[in-house]
Amino acid sequence: MSGIYLHIPFCRQKCHYCDFYSVVHSPEQEDAYVGLLLKEASLQKANMKNKTFDTVYFGGGTPSLLSDKSLTEILESLYKNFDIKKDAEITSEGNPSDFCVLQKVKFFKSVGINRLSIGIQTMNGASLKKVGRLQTVESNTNALKTAAEIFDNVSADVMLALPDEGIFEVEKTLRIISGFGVGHISAYALKVEEATALFENVKNGLVDIPSDDAAADCYDFACEYLKERKTLRYEISNFAKNGLECRHNLNYWRGGEYLGLGAAAHSFTENKRYENPRSIIKYRDGLLKGVLPSVNVTLIEPDNALYEKIMLGLRLSDGINISELNKEYKINFLEKYSSALKKYEKCFKLVDGKLSVKDEYFYSLNSILVEFL
Ligand code: SF4
């Protein structure tokens with residue numbers, strides 16, 4: 001399976017915690033950037049001629065800022081240059097301030113987007129302000145309502161362990177989202193990254209972040225709450241109703257190939273990882289010379305590839321298929337990793353040849369993975 005990722009690096013303003021690559025949006029920059037994306041897609045055409053794509057994912061940044069014209073041009077270029085399956089999952093991330101507009105949501109549907117992923121984060125206005133999100137609780141509510149009316153497949157991003165939030169606030173957020181029948185939720189704990197405004201605010205005592213234990217409690221609560229509503233964890237931070245798991249991200253976690261287009265986008269094909277420059281200017285410079293802009297190309301050696309498959313696969317509730325790994329890497333998995341399996345015996349389960357981490361030990365996954373290095 002293969003997917004296409006497009007990075008749309010524009011936002012209205014920088015959220016305090018964000019370390020993704022994005023710049024402040026302007027219509028002029030957007031026009032120029034779309035021209036570059038089209039150029040990159042046409043240059044990649046020859047490299048991708050033997051591949052069929054199952055998914056397309058507009059991420060960012062804020063893809064919902066794209067004008068109708070830009071979105072149409074990008075999609076036309078993708079279909080012109082690449083073999084995209086008829087039943088492909090086509091997702092766009094977006095901000096509630098855009099997806100609360102009925103006309104916008106209808107337009108996204110009309111051009112073939114069939115899955116929306118909305119950055120709700122929390123239904124508490126004070127928390128939204130503390131982390132520098134521009135949207136309001138009202139736009140969150142309207143976006144959920146509008147998206148649920150027009151799309152069958154809607155995902156909401158939720159942040160756990162936001163400043164001054166605990167289980168009470170998480171329950172409110174999940175209750176409102178679930179009330180709109182949203183079938184997929186991604187729930188990540190807030191991370192304080194260096195060189196962000198949040199890092200400075202925490203350092204200067206302006207914002208309080210919940211402790212690791214409190215964050216773990218929120219996570220456990222979210223898992224239970226969603227399970228009761230048949231929205232089951234299928235990856236450490238992702239929950240879905242049956243059949244609404246994100247196919248694009250499942251491809252990453254299963255070690256599938258993907259093509260990344262745009263500044264800061266990554267690709268993985270033929271055991272090589274490619275990385276585009278984290279700067280629109282540098283991304284443009286390569287393309288204007290008529291060459292692909294990748295800055296780092298890394299060959300993934302078989303040992304690293306195997307570790308990546310284990311690391312990503314154990315994030316999934318489904319786990320890893322041992323006989324497939326044995327065949328692909330010519331190993332005896334149970335023998336090769338016998339000490340790790342013994343040390344964390346109580347954390348694993350083996351069902352139908354698939355090894356996975358038991359629900360109650362998911363939070364310790366990082367420590368478990370060290371043993372497979
Ligand atoms: S909207 Fe998303 S990408 Fe943009 S600044 Fe906020 S967190 Fe970062």
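Thresholds applied
Residues numbered from 1 in each chain as written. Predicted model: local features only at pLDDT ≥ 70, side-chain atom pairs only at ≥ 80, totals over all residues. Pairing = 2+ DSSP bridges. Helix = DSSP H or I, 4+ residues; strand = E, 2+ residues; numbered from the N terminus. Buried ≥ 20, exposed ≤ 12 C-beta atoms within 10 Å, placed from the backbone. Right-handed = clockwise from strand over helix to strand, strands pointing away. Near = placed C-beta within 6 Å. Nonpolar A, V, L, I, M, F, W, Y, C, P; charged D, E, K, R; others polar. Expected span 1.5 Å × (residues − 1). Arc of directions from axis to C-beta. Contact = placed C-beta atoms within 7 Å. Domains from an automatic or database assignment.

Enquirer: What is the right way to look at the sheet that holds strand 17 (residues 354-357) in this model?
Expert: Taken in spatial order, the three strands of this open sheet run 15-17-16, and their pairing is antiparallel. Lying at the two open borders of the sheet, with one neighbouring strand each, are strand 15 (320-321) and strand 16 (348-351). Strand direction decides the pairing type here: strand 15 and strand 17, joined by two bridges, are antiparallel. The residue bridging Ile320 from the neighbouring strand is Leu355, located in strand 17.

Enquirer: Just checking my understanding: could you explain the pairing of strand 4 (residues 52-60) for this structure?
Expert: A regular strand places its side chains so that they alternate between the two faces of the sheet. Most of strand 4 is tucked away: seven of the nine residues are buried. Alignment of strand 1 (residues 2-8) against strand 4, held across six bridges, turns out to be parallel. Of the residues in strand 4, the one forming a bridge with Leu6 is Phe58. In this structure, strand 4 lies alongside strand 5 (residues 83-94), joined through six bridges in parallel fashion. Residue Thr55 lies in a different strand from strand 5, and its bridge partner there is Glu89. With respect to chirality, the unit in which strand 4 leads through helix 2 (residues 68-81) into the neighbouring parallel strand 5 is right-handed.

Enquirer: Mind showing me how you'd approach the site of the ligand here?
Expert: The environment of the ligand is formed by Cys11, Lys14, Cys15, Cys18, Phe20, Ser22, Gly60, Gly61, Thr62, Asn95 and Gly119. In terms of residue class, the shell around the ligand is made up of four nonpolar, six polar and one charged.

Enquirer: I tried to follow helix 9 (residues 212-228) on my own but got confused; where do I start?
Expert: Quick reminder: α-helices carry 3.6 residues per turn. Residues three or four places apart thus point the same way. Taking 1.5 Å per residue, 17 residues should reach 24 Å; helix 9 reaches 25 Å between its end C-alpha atoms and fits that length. Of all the residues in helix 9, the buried ones are Ala215, Cys218, Tyr219, Ala222, Cys223 and Leu226. All buried residues of helix 9 fall inside an arc of 135° around its axis, so they share one side. Facing away from the buried side of helix 9, by more than 90 degrees, are the exposed residues Asp213, Glu224 and Glu228. The inward-facing, buried residues of helix 9 abut strand 7 (154-160), helix 7 (167-179), strand 8 (184-189), strand 9 (232-235) and strand 10 (238-240). Count one or two residues on from helix 9 and you reach Lys230, which has phi positive near 60°.

Enquirer: Explain the environment of Glu270 to me, please; I cannot follow it from the model alone.
Expert: For Glu270, the location among the structural elements is in the loop between strand 12 (266-269) and strand 13 (272-275). For the pair Glu270 and Gly286, spaced 16 residues apart in the sequence, the C-alpha separation amounts to 22 Å.

Enquirer: Honestly, the domain arrangement of the chain in this entry has me stumped. Any pointers?
Expert: Note: interface size is frequently given as the accessible area lost on complex formation between the parts. Taken domain by domain, the chain consists of domain 1 (2-252) and domain 2 (302-370). Computed over C-alpha atoms only, the centres of domain 1 and domain 2 are separated by 29 Å. The interface is formed by seven residues belonging to domain 1 together with seven residues belonging to domain 2. Those elements that provide at least two residues to the side of domain 1 that touches domain 2 are helix 9 and strand 9. Sort the elements by how many residues they give to the side of domain 1 that touches domain 2 and strand 9 lands first, with three residues. Within the side of domain 1 that touches domain 2, the residues separate by chemical class into five nonpolar, no polar and two charged.

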